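# Inside the fold
These are the residues of each chain, in order.
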Amino acid sequence: MSDPLIIIDPGHGDVDPGCSYQDICEKDIVLDISLYQLKRFEELGINAVITRYSDIYLTPDNRTQLVVNSKSVYCISNHINAGGGKGCEVIHSIHNDGKLAYKIFTNLVETGLYPRRVYSKESTQYPGQDYYFMHRNTGSCITNIVEYCFIDNQDDREKLLKDWKIYAEQVIKAFCEYINHPYENKTEYMHAVNKLADYGFINTPSYWIQSDFYEIQYFEELVLNYTGKNDFDKAIIYLAQCNIINSPNYWLDNDTYSIENIQLFIIKLADNIEYFEFADSVYTLYEYDVINSPYYWIDNASYEIIYFEELIVNYTNKSTFEDGIIYLAECNVIDSPEYWLNNDTYSVENVRLLIIKLANNVEQFEKS
């Protein structure tokens with residue numbers, strides 16, 4: 001078998017967690033990204049290997065030796081940043097022209113990540129050599145360190161947790177473009193189309209899977225079906241408000257879209273169906289003046305009980321939370337009042353499920 005073209009390096013591992021925020025660790029996210037990229041390279045017919053398949057520790061020498069021994073031409077070392085900054089950056093060797101680094105960077109920025117920088121750094125300890133050991137000690141391999149975003153920046157962190165697969169795919173696409181290798185993202189895209197069909201947003205999945213060209217009117221119909229809006233511009237703005245898309249201007253300011261961007265958009269819609277259902281429910285309650293700040297409910301990963309109790313009181317027009325819950329049960333809006341009455345804390349999942357149920361019943365409940 002021929003030597004691999006590329007080796008993927010998930011940074012850190014085991015006792016070396018990398019940067020972290022609460023229980024979110026760099027070592028875990030970059031492993032997910034790297035395993036996804038390995039699978040995608042294999043699907044595309046690109047010979048690829050990886051430095052670690054699981055949560056194990058590699059010393060710097062172990063890691064760089066794996067790269068050298070693989071005889072790979074390229075290396076992508078995946079990392080997450082920290083330290084109060086924002087956005088993505090790609091670091092290349094001082095002995096490399098940086099063209100692949102800029103290609104990766106450009107593709108990541110296209111997804112809506114903040115464009116931090118592309119750079120190289122010389123070592124002060126070893127003049128004429130690279131500062132980072134992944135550049136300095138990987139021989140002739142063209143190594144690029146990809147820092148996707150900052151884990152201690154809330155906006156970056158939320159984007160990363162929701163869209164890491166899209167960012168991982170953009171690196172794949174950039175690499176294929178750089179080496180002039182045919183690129184397609186059919187596997188995940190087909191799953192996305194079928195998922196949207198299962199939810200009733202797409203009527204003819206064969207059109208979306210088999211076509212080499214998409215008529216804009218059909219794409220706009222899909223977006224309208226997904227959002228329940230009657231105007232495409234309003235639908236795009238709504239998706240941006242719900243944090244489903246990061247770059248609404250692209251869809252609002254252009255009359256034509258590339259096949260790749262439409263397919264990435266469809267994948268994102270499918271990945272966020274459940275999330276969008278919740279966000280859509282929040283905006284429904286906002287329109288009925290049940291809640292005052294939709295962003296609080298959509299953007300937060302935890303909720304203060306006092307605000308949830310206020311929501312119930314507003315929805316039922318009762319004077320106490322307990323009376324509101326009992327009334328909801330009497331109106332058959334909720335099935336398990338005991339859970340809400342007998343506990344002092346609630347899971348985020350249960351709060352969101354109840355909010356979806358409240359939104360689905362808001363017109364019927366208003367009448368009753």
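Everything in this summary refers to the structure shown in the same document. (Residues numbered from 1 in each chain as written. Predicted model: local features only at pLDDT ≥ 70, side-chain atom pairs only at ≥ 80, totals over all residues. Heavy atoms only, no water.)

### Some remarks on helix 14 (residues 305-316)
Turn by turn, an α-helix covers 3.6 residues, leaving residues three or four places apart pointing in a common direction. Put simply, the test is: Put simply, DSSP marks the helices as runs of H or I at least four residues long and the strands as runs of E at least two long, and each gets a number from the N terminus on. By definition here, a helix of n residues has an expected span of 1.5 Å times n minus one. In this scheme, a residue with accessible area under 20% of its type's maximum is buried, one over 50% is exposed, and one in between is partly exposed, where area comes from a 1.4 Å probe on protein chains only. The directions considered for the arc are those from the helix axis to the C-beta atoms.
Here helix 14 contains 12 residues, and its C-alpha end-to-end distance of 17 Å stays within 8% of the 16 Å for a straight helix at 1.5 Å per residue. Along helix 14, the positions that sit buried rather than exposed are Phe 308, Leu 311, Ile 312, Tyr 315 and Thr 316. Taken around the axis of helix 14, the buried residues stretch over an arc of 115°, which confines them to a single face.

### With respect to the environment of Phe 201
What counts here: Two residues form a contact once any of their heavy atoms are found within 4.5 Å.
Here Phe 201 is to be found in the loop between helix 6 (186-198) and helix 7 (205-210). A relative accessible area of 18% means that Phe 201 is categorised as buried. Taking the C-alpha atoms as reference, Phe 201 lies 14 Å from His 191; in sequence the two are 10 residues apart. What Phe 201 contacts, discounting residues up to four positions off in sequence, is Leu 196, Leu 222, Asn 225, Tyr 226 and Ile 273.

### Here's the deal with the pairing of strand 8 (residues 142-150)
The side chains of a regular strand alternate between both faces of the sheet. Just so we agree on the cut-off: Strands are treated as partners if at least two bridges between them are detected by DSSP.
When you tally the buried positions in strand 8, you get eight out of nine residues, the bulk of the element. Of the strand pairs in this sheet, strand 5 (residues 74-81) and strand 8 are connected by seven bridges, and their pairing is parallel. Within strand 8, the position partnered with Asn 78 by the bridge is Val 146. The pairing of strand 6 (residues 88-92) with strand 8 spans four bridges and is antiparallel. Bridge pairing links Glu 89 to Glu 147 in strand 8.

### Concerning the packing of helix 5 (residues 154-179) against helix 11 (residues 259-271)
Axes are the key here: two packed helices are described by the angle between their axes and the distance separating the axes. Keep this limit in mind: In this analysis an axis means a line fitted to C-alpha atoms, helices contributing only their contacting stretch, and an angle means the value between N-to-C directions, from 0 to 180 degrees. If an angle is under 35 degrees, it is roughly parallel; if it is over 145, roughly antiparallel; if it lies from 65 to 115, roughly perpendicular; otherwise it is oblique. In this scheme, a crossing is called left-handed if the near helix is turned counterclockwise away from the far one by less than a right angle; it is called right-handed if the turn is clockwise.
In contact at an axis separation of 11 Å, helix 5 and helix 11 are set at 155° when each is read in the N-to-C sense. As the angle between them shows, helix 5 and helix 11 are arranged roughly antiparallel. At the point where helix 5 passes helix 11, the crossing takes the right-handed sense. Residues Asp 163, Ile 166, Glu 169, Gln 170 and Lys 173 of helix 5 touch helix 11, and the partners they reach there are Glu 260, Leu 264 and Lys 268.

### Description of the sheet that holds strand 7 (residues 115-119)
If you trace the six strands from one edge of the open sheet to the other, you get 4-1-5-8-6-7, paired in mixed fashion. Only two strands of the sheet have a single partner each, and these edge strands are strand 4 (48-50) and strand 7. The average undirected angle you get between the axes of adjacent strands in this sheet is 15°. Taken strand by strand, helix 3 (residues 99-110) contacts strand 5, strand 6, strand 7 and strand 8, and its axis lies near 170° from that of strand 6. Relative to strand 8, helix 5 is tilted by about 155°, and along the sheet it contacts strand 1 (6-10), strand 5 and strand 8.

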